[in-house]
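Notes for the structure review
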Amino acid sequence: MKMIKRGLTAVLVLSLLFLVACSGGEKSVSVTEDELNREVEKTISQYEAQGQPVGDEQRAELRQAVLTQLVERKLLLAAAEAEGVSLEDGVMDEELEKITAQFPTEEAFAEALSQRGYDLDSFTAEMGEIMLIQKFLEEEVASTVELSDEELEAFYEENPGYFETPESVTAAHILIQLGEDASDADRSEALRKIEEVAAKVEAGGDFAELAKEYSEGPSAPNGGDLGSFQRGRMVPAFEEVAFSLAPGEVSGVVETQFGYHLIKVSDKSEAGTMAFDEAKEAIRGFLQQQKEQEAVTAYIEQLKEEYTVEQPEV
């Protein structure tokens, strides 16, 4: 479940994977100084691989964050193993194939791992642990989350601003471009071209086909299609005309800093409020994710009460 993966990421943060080995007796986990140091260095390597150097002050904050993540990770892994959760045969291999397929060569993949403080064995081992925890949370935590229609309706009623839909139009255009340093002669020639196209439109020519043939903008191959847009998305001169047109109507010549345009509006939506039935599934997804995150956080706090945790000072 994508929502559980997001929830887990929010709790553990910073790294794709962290080394976990649940140690000690029943109902106990421990993090050693060496483990913490390795994870801090690994996390710093990941930041640096993304061009984000870590200073001394940030390093101290990072050390505390990594320790928290290690403890929480070990608690979840210990709980998953205590419940006998396991991964199906082949699942690990499938996931590893998906990841390696994102790289052009095996060497490129190995280099990416190295930059982040991993080799293939450590990466695979930790990936398996994360997948095990995710499965455990899906089965044991997410399954306890319940959401009623009354909660969905209450959210809708209490947050009307979330469901306002601004005015929008769906439009296409034909553009004859003008450079910033266009001369008077250039302007005259561009105006002649757009007026020639306007005459073809007025004579019944297909707007999309004329856009493909004559338009000089990037939308030309798509028949000039600009899709739907709200106010504030286009330059003022273009927008003013587009929002004044009725569906099916074509404008006269419109000049902007980009050149001369003909605009055709195919659809128009007035500002309004999305109906509850339209918003219902989006609300469900949002509240489900929120509740699952709260459940994961509460479950980790419960584990901290149940387990003895040995950890270094930071």
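Everything below is about the structure printed above this text.
Residues numbered from 1 in each chain as written. Predicted model: local features only at pLDDT ≥ 70, side-chain atom pairs only at ≥ 80, totals over all residues. Heavy atoms only, no water.

1. Let's talk about the packing of aromatic side chains
Summed over all chains, the structure comprises 12 aromatic pairs. By the ring-pair criterion, three or more aromatic residues cluster together here, those being Phe-155, Tyr-156, Tyr-162, Phe-163, Phe-276 and Phe-286. Over the ring of Phe-243 we find Arg-231, and its NZ or CZ is 4.2 Å from the ring centre. (Phe/Tyr/Trp six-rings, centres within 6.5 Å; stacked < 30°, edge-to-face > 60°. Lys NZ or Arg CZ within 6 Å of the ring centre and 35° of its normal.)

2. A few points about helix α2 (residues 33–49)
Taking 1.5 Å of rise per residue, the 17 residues of α2 would be expected to cover 24 Å, and the 24 Å separating its terminal C-alpha atoms lies within 8% of that figure. Restricting attention to buried positions, one finds in α2 the residues Glu-35, Leu-36, Glu-39, Val-40, Lys-42, Thr-43, Ile-44 and Gln-46. On its buried face, α2 sits against β1 (28–30), α3 (56–82), α5 (106–115) and α6 (120–140). Note on α2: the residue one or two positions beyond its end, Gly-51, has a positive phi of about 80°. (Helix = DSSP H or I, 4+ residues; strand = E, 2+ residues; numbered from the N terminus. Expected span 1.5 Å × (residues − 1). Buried < 20%, exposed > 50% of the residue type's maximum accessible area, 1.4 Å probe, protein only. Contact = heavy atoms within 4.5 Å.)

3. Some details on the sheet that holds strand β6 (residues 259–269)
Taking strand neighbours across the sheet as the criterion, the four strands line up as β4-β3-β6-β5 in an open arrangement whose pairing is antiparallel. A single partner strand is all that each edge strand has here, and the edge strands are β4 (225–230) and β5 (254–256). Averaged over neighbouring strand pairs, the angle between their axes works out to 45° when direction is ignored. Strands in contact with helix α9 (residues 207–214) are β3 (168–177) and β6; relative to β3, the strand with the most contacts, it is inclined by about 35°. (Pairing = 2+ DSSP bridges. Axes fitted to C-alpha atoms, helices over the stretch in contact; angles between N-to-C directions.)

4. Concerning the pairing of β6
The pairing of β3 with β6 spans 10 bridges and is classified as antiparallel. Each bridged residue has a counterpart across the sheet, and for Leu-175 the counterpart in β6 is His-261. In terms of strand pairing, β5 meets β6 through three bridges, oriented antiparallel. If you follow Glu-255 over to β6, its bridge partner there is Tyr-260. Where β5 folds back on β6, the antiparallel hairpin that results is connected by two residues.

5. Considering the packing of α2 against α3
Relative orientation of the contacting elements α2 and α3 amounts to 115°, with a least axis distance of 9 Å. You can see that α2 and α3 cross each other, and the crossing is right-handed. Every residue of α3 that contacts α2 at Glu-33, Glu-35, Leu-36, Asn-37, Glu-39, Val-40, Glu-41, Thr-43, Ile-44 and Tyr-47 is listed here: Arg-59, Leu-62, Arg-63, Val-66, Leu-67, Leu-70 and Lys-74. Taken together, the residues of the contact of α2 with α3 sort by class into eight nonpolar, two polar and seven charged. (Left-handed = near helix turned anticlockwise from the far one by under 90°. Nonpolar A, V, L, I, M, F, W, Y, C, P; charged D, E, K, R; others polar.)

6. Comments concerning α3
In a regular helix each residue adds 1.5 Å, so 27 residues correspond to 39 Å; α3 covers 39 Å between its end C-alpha atoms and thus fits that length. Of the residues trailing α3, Gly-84 is marked for its positive phi of about 75°.

7. Thoughts on the side chain of Ser-168
Counting through the fold element by element, Ser-168 comes out in strand β3. Judged by relative accessible area, Ser-168 falls into the buried class, the value being 15%. Residues in contact with Ser-168, not counting those within four places in the same chain, are Phe-229, Gln-230, Phe-243, Lys-268 and Ser-269.

These results come straight from atomic positions and should not be treated as a statement about function.
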